[in-house]
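Listed below are the residues making up each chain.
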Amino acid sequence: MYMKNYRITLLRGDGIGPEIVAEALKVLDAAGEKFQFRLEYTDALMGGCAIDATGQPLPDETVEACRAADAVLLGAVGGYKWDTLPGHLRPEAGLLGIRSALGLFANLRPAKIYGPLKGACPLRPDIIGDSMDIMVVRELTGGIYFGKRGRETVNGMEAAYDTEYYTTAEVERIAHVAFNSARKRGKKVTNVDKANVLESSRLWRETVLRVAEGYPDVELNHLYIDNAAMQLVRNPKQFDVILASNIFGDILSDEASQVAGSIGMLASASMGGGKLGLYEPIHGSAPDIAGQGIANPLATILSAAMLLRYSLDEEAAADAIETAVEKVLDQGLRTPDILAGDGIRVGTVEMGDAVVKAL
Ligand code: IPM
Ligand code: MG
């Protein structure tokens, strides 16, 4: 029988990265069996493991291997060992480098509260109500992360600068992603900027307003970043899609993840103009618990579901994985990071096995 075949490049990375990716692969393979497709995996080095092996956080072969794939699955990078290296040689430089090299300008970070994990939300039940479901759409290859930077000596004193810089084209394309995403969800975009102070934000807002004219069916409002950070804990239910620059989106997505309960649950997708995407949990490499078999693999498993949905168009398989994750949570299975009350404590591998079984 004919079977669809997809090529996935794996960047297992550092710390807990390899452990959680292993669980996601089990789930992907099980989904392939059930929905009749095959996944071929190629390993490539990025981050600390790449620095150890090659001296570079992002070797050229890794970029090539990612370009040749239908999608890229990433664990996490970084660790104490590499913390003292100069900026351009740190594991994080590999992550920024691959986003940029693949042109992945749109970072989609869903932050949702899973019913069985409501108790893990740090906000009062009357604030959170019966649900929270936010999609942070973060610009990923521009702004202050990639703007002009440097150090200089002024009047004998050391100084340093980074530049927030955006072109209209960069803002337009990420705004389109936000509006299109809102169309498939709650039809509301909250644009976040600092247009009361920053020139770059004024251009950002003008551009968003212009793009919005093409989406009369989507409601648009604007919040300054400081207010947005406050509103996210004051009344998170007001949000559907949050549109933000690289740095504002970085900050707000961590905040949203904490409101959602555990950072161990949240997946993300980084997309460019085409189908190729990079999928990763939004948490880090957690070097303090690496190798102990207790890391929560669910964010990586949910990232694998996003991979199936956005890069491979295997919508049914993606839905099935998400349903399976809800099922194991309903069964009470919990890794230590989400354990509370009478939850059943399980490790990384058991959690992965349970999702496969539920599938
Ligand atoms: C993230 C991370 C990265 C970022 C770091 C590790 C470079 O915080 O993906 O949110 O700032 O983009
Ligand atoms: Mg971050």
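All of the points below concern the structure found in this document. As the structure is a prediction and not an experimental result, all values here were calculated from the model.

Digging into the overall build of the chain
Then, number 1: Helix and strand content of the chain: 12 helices and 14 strands.
Then, number 2: The C-alpha radius of gyration computed for the chain amounts to 20 Å, which stays within 12% of the reference 21 Å derived for 359 residues, consistent with globular compactness.
Then, number 3: On the principal axes, the C-alpha backbone points of the chain span a range of 60 × 50 × 45 Å.
Then, number 4: Expressed as a percentage of the 359 residues in the chain, the buried residues total 52%.
Then, number 5: Considering only contacts within the chain whose residues lie at least 6 apart along the sequence, 75% involve residues at least 24 apart.

Digging into the site of ligand 1
Then, number 1: Within the structure, ligand 1 sits among Glu92, Arg99, Arg109, Arg138, Tyr145 and Asp250.
Then, number 2: Side-chain polar atom of Arg109 to an oxygen atom of ligand 1: 2.8 Å apart, as the coordinates give it.
Then, number 3: Separating an oxygen atom of ligand 1 from a side-chain N or O atom of Arg138 is a distance of 2.8 Å.
Then, number 4: Here ligand 1 has 320 Å² of accessible area as a free molecule, and 74% of this is covered by the chains.
Then, number 5: When atom positions are compared with the pocket grids, ligand 1 is found to occupy the second largest pocket.
Then, number 6: Taken together, the residues of the shell around ligand 1 break down into one nonpolar, no polar and five charged.

Side note on the side chain of Asn296
Then, number 1: Looking at the element boundaries, Asn296 is found in the loop between strand 12 (277–281) and helix 10 (298–310).
Then, number 2: Within the structure, Asn296 has its side chain in polar contact with the side chain of Thr335 (distance 3.4 Å).
Then, number 3: In contact with Asn296, not counting residues within four places along its chain, are Ile20, Gly264, Met265, His283, Thr335, Asp337 and Ile338.

Brief notes about the packing of aromatic side chains
Then, number 1: If you walk through the whole model with that rule in mind, you get three aromatic pairs.
Then, number 2: An angle of 65° between the planes, with centres 5.1 Å apart, marks the rings of Tyr166 and Trp204 as edge-to-face. With Tyr166 in the loop between strand 7 (157–162) and helix 6 (168–183) and Trp204 in helix 7 (residues 199–212), the pair connects residues that are 38 residues apart, well separated along the chain.
Then, number 3: Taken together, a centroid distance of 4.9 Å and an interplanar angle of 15° make the contact between Phe179 and Tyr215 stacked. Separated by 36 residues along the polypeptide, Phe179 in helix 6 and Tyr215 in the loop between helix 7 and strand 9 (219–224) bring together distant segments of the chain.
Then, number 4: Look at Phe179 and you get buried, because its relative accessible area is 0%.
Then, number 5: A cation over a ring is seen here: Arg173 above Phe105, with NZ or CZ 4.2 Å from the ring centre.

Re the pattern of salt bridges
Then, number 1: Here the structure, examined in full by the defined rule, presents 25 salt bridges.
Then, number 2: Arg151 is the partner of Glu158 in a salt bridge, and the nearest nitrogen-oxygen pair spans 3.1 Å. Summarising the burial analysis for this pair, Glu158 and Arg151 share the class exposed.
Then, number 3: Of the charged contacts in the structure, one is a salt bridge between Arg309 and Glu322, with a shortest N-O distance of 2.9 Å. Within this pair, whereas Arg309 is found in helix 10, its partner Glu322 is found in helix 11 (residues 315–330), the two being separated by 13 residues in sequence.
Then, number 4: Exposure remark for Arg309: the relative accessible area of 16% places this residue in the buried category.

Here is what the cut-offs are and how they apply
- Residues numbered from 1 in each chain as written.
- Chains lettered and ligands numbered in written order.
- Predicted model: local features only at pLDDT ≥ 70, side-chain atom pairs only at ≥ 80, totals over all residues.
- Heavy atoms only, no water.
- Helix = DSSP H or I, 4+ residues; strand = E, 2+ residues; numbered from the N terminus.
- Rg over C-alpha atoms; globule rule 2.2 N^0.38 Å.
- Buried < 20%, exposed > 50% of the residue type's maximum accessible area, 1.4 Å probe, protein only.
- Contact = heavy atoms within 4.5 Å.
- Near = heavy atom within 4 Å.
- Polar contact = N/O pair within 3.5 Å; in protein donor to acceptor, adjacent residues only side chain to side chain.
- Areas by Shrake-Rupley, 256 points an atom, 1.4 Å probe, with all protein chains shown as cover.
- 1 Å grid on protein atoms, 1.4 Å probe; cavity = no way out; pocket = protein on both sides within 12 Å on 5 of 7 lines; lining within 4 Å.
- Sits in = over half its atoms within 2 Å of the grid points.
- Nonpolar A, V, L, I, M, F, W, Y, C, P; charged D, E, K, R; others polar.
- Phe/Tyr/Trp six-rings, centres within 6.5 Å; stacked < 30°, edge-to-face > 60°.
- Lys NZ or Arg CZ within 6 Å of the ring centre and 35° of its normal.
- Salt bridge = Lys/Arg side-chain N within 4 Å of Asp/Glu carboxyl O.

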